[in-house]
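# Close look at the chain arrangement
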Amino acid sequence: MRVCVVLGLVLLLAGCAGGPALETRDAVTAPPGNSKDLVVGSAGFTESDLLAQMYALLLRNAGYGTRLLTVANRELYEPALESGQIDVVPEYAATFADWLNAKENGPDAAPVGSPDLRTTMAALRRLAGPRGLTVLDPGRAVDQNAFAVAGSYAREHRLKTLSDLGRSGLPVRLAAGDECVQRPYCEPGLKKVYGIDITGIDPKGVGTTQAKKAVQSGQDQMVLTTTTDATLSEFGLVILADDKHLQNADYVVPVVNRARAGAHGVTRVLDRVNEVLTTADLASLNQQVDSWRRLPEDVARAYLTDQGLL
């Protein structure tokens, strides 16, 4: 499989057509396509690389020609997906819905992603369809924001959920990004939904090594990370369950260019990985790349083979 890592596509992709013309976007009537040579896009981080490799391997196994294209910027790869320079890309339901909504209705548009998967998918498909994009069914894997504490701290205070932490009344200094102060899923949501006493934000980033070490040492009590973070155990950290569903439904969803890859052939192939891949699987695969330094293609191939898909 040939992998193309794109470092200088700004001019190329900036000149792409933006999908169906504005005046015809509400009437995408051409039959879905089934091109035999497909470009699979990746956003350039470990998880996206793994998912793109799995999509490409499965499609190739089904008789499609595949090429991987890495464009580490949604502002560039989404227009390329609309124009057909990229045919398939892994996305996250709520995040992509909100991104398309902001693109369509302006940066101040009210978010359409929500903790409810059905509502989120309906909004995402409503926004994607007129742009010539087809959003396939979500799988079982979800990459949401998550909050982790030291395992010893959780055991000492009998914490399993964020509700437990709220009921405890414990003061919590949170290691996160600067934006946590304003984001509804972060400090405001933790206070409003769970009643957690956030005493301050330690601006060490989302799931960074520095942030995890701060919680491990007791400097901070909790860190903002993700549900597929593969390195939490290395720092003795555990995730507290989001039992009141503060976080949006960021399930993994394949998105395809309808005119080139919207036919049943591609859908049937990509549905196979969605049926088996779980959040825990994705975290394990991330760990093999990030901690064990294995190549994403090798990790993806081994997983698909173990699952009987290759």
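Overall, the coordinates contain one aromatic pair when judged by the stated rule. Between Phe96 and Trp99, the aromatic rings sit 6.5 Å apart at their centres with planes inclined by 15°, giving stacked as the arrangement. Of this pair, Phe96 and Trp99 both sit in helix H4 (residues 93–105), three residues apart, roughly one helical turn. Taken individually, Phe96 and Trp99 each receive the classification buried, so the pair is uniform in this respect. Over the ring of Tyr64 we find Lys36; its NZ or CZ atom is 4.5 Å from the centre of that ring.

This paragraph deals with the state of the cysteines. Here is the idea: a disulfide is a covalent bond, and it sits between the sulfur atoms of two cysteines. Tallied over the full model, the rule gives one disulfide. Covalently, Cys180 is tied to Cys186 through a disulfide, its sulfur atoms 1.8 Å apart. Linking Cys180 and Cys186, the disulfide has an S-S dihedral of approximately -85° and is accordingly described as left-handed. With respect to class, Cys180 is no different from Cys186; both count as buried.

Let's shift gears to the sheet that holds strand E9 (residues 222–226). Strand order in the open sheet formed by five strands is E8-E7-E9-E6-E10, and the pairing between neighbours is mixed. A single partner strand is all that each edge strand has here, and the edge strands are strand E8 (197–203) and strand E10 (237–240). Adjacent strand axes in the sheet meet at a mean angle of 40° when their direction is disregarded. Here strand E6 (residues 145–150) runs beside E10; their pairing, made up of four bridges, is antiparallel. From the neighbouring strand, Ala150 faces E10, where its bridge partner is Leu237.

The rules we used
Residues numbered from 1 in each chain as written. Predicted model: local features only at pLDDT ≥ 70, side-chain atom pairs only at ≥ 80, totals over all residues. Heavy atoms only, no water. Phe/Tyr/Trp six-rings, centres within 6.5 Å; stacked < 30°, edge-to-face > 60°. Helix = DSSP H or I, 4+ residues; strand = E, 2+ residues; numbered from the N terminus. Buried < 20%, exposed > 50% of the residue type's maximum accessible area, 1.4 Å probe, protein only. Lys NZ or Arg CZ within 6 Å of the ring centre and 35° of its normal. Disulfide = S-S within 2.5 Å. Pairing = 2+ DSSP bridges. Axes fitted to C-alpha atoms, helices over the stretch in contact; angles between N-to-C directions.

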